[in-house]
Amino acid sequence: MESTFTPPCPYFKKCGGCQLQHLPYAEQLRRKTGRCIALLGDFGHVEPIWGMDEPTRYRNKVHAAFALDNRRKLVSGIYQPGSHAIVPVDDCMIEDAASDAVIRDIRAMLPEFKIKVFDERSGTGWLRHVLIRRGFATGQMLVVLVAVSPIFPLQKPFVKKLTELHPEITGIVLNLNDRFGPVVLGTREKLLFGTPYIEDELCGKRFRISPRSFYQINPVQTEKLYRCAVDFAALTGKETVLDAYCGIGTIGITASDKARQVIGVELNRDAVHDAIANARLNGLKNCWFTAGDAGEYMEQTARGGLRPEVVFLDPPRAGCDERFLRSLLKCAPERVVYVSCDPRTLARDLKLLTAGGYRAEKIQPVDMFPWTEHVETVCCLYHQKKDFISVPYEPKDASYLKQR
Ligand code: SAH
């Protein structure tokens, strides 16, 4: 049957950021639940996905690439999928409206402040991207200008004008990125105004977020996600909890009131600094954070030392690596709460975990990214037979793990 639904976004055909604009929201939710059942239903019962009441303007992080188009006109917007062509976007229905307005004003201000955008073909110009982070609960806004050099002659008047136009801006950072490639942010930063991070609130806790630290982009749904994860962990106050892939410590800190102690491990050092600051910000004395590879940390834990009763794990889309999962099986915590942003890698990792002695008790998808095809899922795993996993588990077919 031909659908009569009109995609609400005028950029839909060109942009590629949202894939499900042709479907009404209720239909998107049905489709996402169906996808989770298809991929994860063999492991356990999949609940219907939790959607949003108002599925617009949910993104607290907005990114615009700046360039000259074929007619050398200044444009800002989103990269077309698989290309370096920019689709000009002035206002996006899933992004924070105030952040979009700042990006439009920066673009309009560039000629007056003699700022040239970087041209990849000639290697000339200065500004490449603008990234904006917003704390929805606090209203704070951090503007990150990504440019190829630290030389910014009209910096002071530029900052003055932008902050006058947008008093909601609480920080402006210049990030240096002179490398080619898909990574937006470089490693060097200079503070031009205010505070170099934002603070936000989730689940009654306060969090500081630096430009390069990971932070969930949909805070309304993140609160539901974290509450679900903490519920699944069924904490009694006695447990040692490991928060693996912890970012700025959000899940561990949310769970900390119900745990004896929380240890977080995370690769990104900026995020670990934020996590340590966040424990302090919330007056918590039972949270520790360490920088490192989660797999390596889990391996050390399996060899001896602190044995967590509960492990939260929230890896990137690629899922967990084999080293992490094997060590997790050796450690054999009573409960594992897997927060996943890709049900395909979750299914792959559940195959190993369930073969190694765990059973998926509950699977709850949460719609963190309305209008896009992405699905977030929380899966609660209970340990079944302790004796079974004391023998190191070697799957017969581990080929699917070696793709990475
Ligand atoms: N739990 C956090 C972060 C989840 S995103 C939150 O909800 O906000 C995944 C995190 O894993 C990112 O912060 C990323 O930097 C981190 N990461 C990626 N690979 C890792 C690895 N091998 N070891 C530890 N952390 C890793």
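Structure's up top.
Everything in this summary refers to the structure shown in the same document.

About the thresholds
Per chain, residue numbering runs from 1 following the sequence as it is written. With pLDDT at 70 or above as the cut-off, local features in this predicted model cover only qualifying residues; side-chain atom pairs require 80 or more to be listed or tallied, and sums for whole chains, interfaces and linings still use all residues. Note that water and hydrogens are dropped before the side-chain values are worked out from all heavy atoms of the structure. Runs of E in the DSSP output that reach at least two residues are strands. Runs of H or I that reach at least four are helices, and both are numbered from the N terminus. We take the radius of gyration over the C-alpha atoms and set the globule estimate at 2.2 Å times the residue count to the 0.38 power. Only protein chains enter the accessibility calculation, which uses a 1.4 Å probe. A residue is then buried if its area is under 20% of the maximum for its type, exposed if over 50%, and partly exposed in between. Throughout, a residue-residue contact means that at least one pair of heavy atoms, one from each residue, lies within 4.5 Å. Each accessible area is a Shrake-Rupley estimate made with a 1.4 Å probe; only the visible protein chains count as cover when residues are assessed. Only four residue types enter the charge count: Lys and Arg as positive, Asp and Glu as negative, with His and the chain ends excluded. Just so you know, the charge point we use is NZ for Lys, CZ for Arg, CG for Asp and CD for Glu. If DSSP finds at least two bridges between two strands, the strands pair. Helix axes are fitted only over the stretch in contact, all axes being lines through C-alpha atoms; the angle between N-to-C directions runs from 0 to 180 degrees. To be near a molecule or strand, a residue needs just one of its heavy atoms within 4 Å of it. Within 3.5 Å is the distance limit for a polar contact, defined as a pair of N or O atoms, with the added protein rule that one can donate a hydrogen and the other accept it, and that residues adjacent in sequence qualify only through two side-chain atoms. Only Asp, Glu, Lys and Arg are considered charged in this grouping, and only Ala, Val, Leu, Ile, Met, Phe, Trp, Tyr, Cys and Pro are considered nonpolar; every other residue, Gly among them, is considered polar. Only buried residues count toward a nonpolar core, which is a set of Ala, Val, Leu, Ile, Met, Phe, Trp, Tyr and Cys residues joined through side-chain atoms within 4.5 Å. The aromatic pairing rule takes the rings of Phe, Tyr and Trp, using the six-membered ring of Trp, and pairs them if the centres are within 6.5 Å, calling planes under 30 degrees apart stacked, those over 60 edge-to-face and the rest tilted. Charge over a ring is defined by NZ of Lys or CZ of Arg lying within 6 Å of the ring centre and within 35 degrees of the ring normal. Here, a salt bridge means any Lys or Arg side-chain nitrogen found within 4 Å of an Asp or Glu carboxyl oxygen. How far a helix is expected to stretch is found by multiplying one less than its residue total by 1.5 Å.

### Description of the overall build of the protein
Across its full length, the protein carries 11 helices and 16 strands. On C-alpha atoms alone, the protein measures out to a radius of gyration of 22 Å, which is about the 22 Å that the 2.2 N^0.38 rule sets for 404 residues. Each of the three principal axes of the protein carries a C-alpha extent, and together these read 70 × 55 × 40 Å. Within the protein, the fraction of its 404 residues that count as buried is 54%. Relative to all contacts within the protein whose residues are 6 or more apart in sequence, the contacts with residues 24 or more apart total 69%. Here the protein has roughly 18600 Å² of accessible surface; of this, 53% comes from carbon and sulfur atoms. The positive charge centre, built from 55 side chains, and the negative charge centre, built from 48, are 3 Å apart in the protein.

### A word on the sheet that holds strand E2 (residues 74-79)
If you walk across this open sheet you meet the seven strands as E3-E2-E1-E4-E5-E6-E7, and the pairing is mixed. A strand with exactly one partner marks an edge of an open sheet, and here the two such strands are strand E3 (86-88) and strand E7 (188-194). The average angle at which neighbouring strand axes cross in this sheet is 30 degrees, direction not considered. Alignment of strand E4 (residues 127-134) against strand E5 (residues 141-147), held across seven bridges, turns out to be antiparallel.

### Looking at the sheet that holds strand E16 (residues 376-383)
Strands pair in a sheet through their backbones, by hydrogen bonds, and they do so in one of two ways: parallel or antiparallel. Across the sheet, seven strands lie side by side as E12-E11-E10-E13-E14-E16-E15; this open sheet has mixed pairing. If you trace the sheet from one side to the other, it starts and ends with strand E12 (287-291) and strand E15 (358-366), each paired once. Looking at each pair of strands side by side, their axes are set apart by 15 degrees on average, direction ignored. Of the pairings in the sheet, the one linking strand E13 (residues 310-313) to strand E14 (residues 335-340) comprises four bridges and is parallel in character. In the sheet register, Val 310 faces E14, and the bridge partner there is Arg 335. Those strands touched by helix H9 (residues 322-331) are strand E10 (240-244), E13, E14 and E15, and its axis lies near 165 degrees from that of E13.

### What to know about the site of the ligand
Close contacts around the ligand come from 16 residues, with Tyr 226, Glu 266, Asp 293, Ala 294 and Asp 314 the closest. Here a nitrogen atom of the ligand sits 3.2 Å away from a polar atom, N or O, in the main chain of Leu 267. Computed on the free molecule, the ligand has an accessible area of 560 Å², of which 86% lies beneath the protein chains in the complex. Among the residues making up the shell around the ligand, the classes are represented as eight nonpolar, five polar and three charged.

### Remarks on the nonpolar core
Counting residues in hydrophobic clusters, the biggest one holds 92 residues, and the most contacted among them are Phe 312, Leu 313, Phe 324 and Leu 381. Considering every element that reaches this core, the biggest residue donor is helix H5 (residues 219-233), with seven residues. Phe 312 has contacts with Ala 229, Val 230, Ala 233, Val 241, Leu 242, Asp 243, Ala 244, Ile 251, Ala 255 and Val 337, leaving out every residue within four places of it along the chain. Residues Met 109, Met 141, Ala 147 and Leu 162 belong to the second largest nonpolar core, which totals 30 residues.

### Quick word on the packing of aromatic side chains
By convention here, two paired aromatic rings are described through the distance between centres and the angle between planes. Inspection of every chain in the model, using the stated rule, returns five aromatic pairs. With a centroid separation of 4.7 Å and 45 degrees between ring planes, the pair formed by Trp 126 and Phe 152 is classed as tilted. Taken together, the positions of Trp 126 in the loop between helix H3 (97-109) and E4 and Phe 152 in the loop between E5 and helix H4 (155-165) put the pair 26 residues apart, joining distant regions of the chain. Classification of Trp 126 as buried rests on a relative accessible area of 10%. Among the aromatic residues, ring-to-ring pairing joins Phe 113, Trp 126, Phe 152 and Phe 158 into one connected group. The positively charged end of Arg 208 is found above the aromatic ring belonging to Tyr 197, 4.7 Å away from the centroid.

### Structural notes on the pattern of salt bridges
If you walk through the whole model with that rule in mind, you get 25 salt bridges. Its salt-bridge partner being Arg 107, residue Asp 90 comes within 2.9 Å of it at the nearest N-O pair. Of this pair, Asp 90 sits in the loop between E3 and H3 while Arg 107 sits in helix H3, placing them 17 residues apart in sequence. Look at Asp 90 and you get partly exposed, because its relative accessible area is 33%. The partner of Asp 274 in a salt bridge is Arg 208, and the shortest N-O contact between them spans 2.7 Å. With Asp 274 in helix H7 (residues 269-281) and Arg 208 in strand E9 (residues 205-209), the pair connects residues that are 66 residues apart, well separated along the chain.

### Some points on helix H10 (residues 343-355)
Taking 1.5 Å of rise per residue, 13 residues should cover 18 Å, and H10 covers 18 Å from first to last C-alpha, within 8% of that figure. Along H10, the residues classified as buried are Pro 343, Thr 345, Leu 346, Ala 347, Arg 348, Asp 349, Leu 350, Leu 352 and Leu 353. Where H10 is buried, its residues meet helix H2 (25-40), H9, E14, E15 and E16. Sitting at the amino-terminal end of H10 is Asp 342, which places a side-chain oxygen 2.8 Å from the backbone nitrogen of Arg 344. Trailing H10 by a residue or two, Gly 357 shows a phi angle of about 120 degrees, which is positive.

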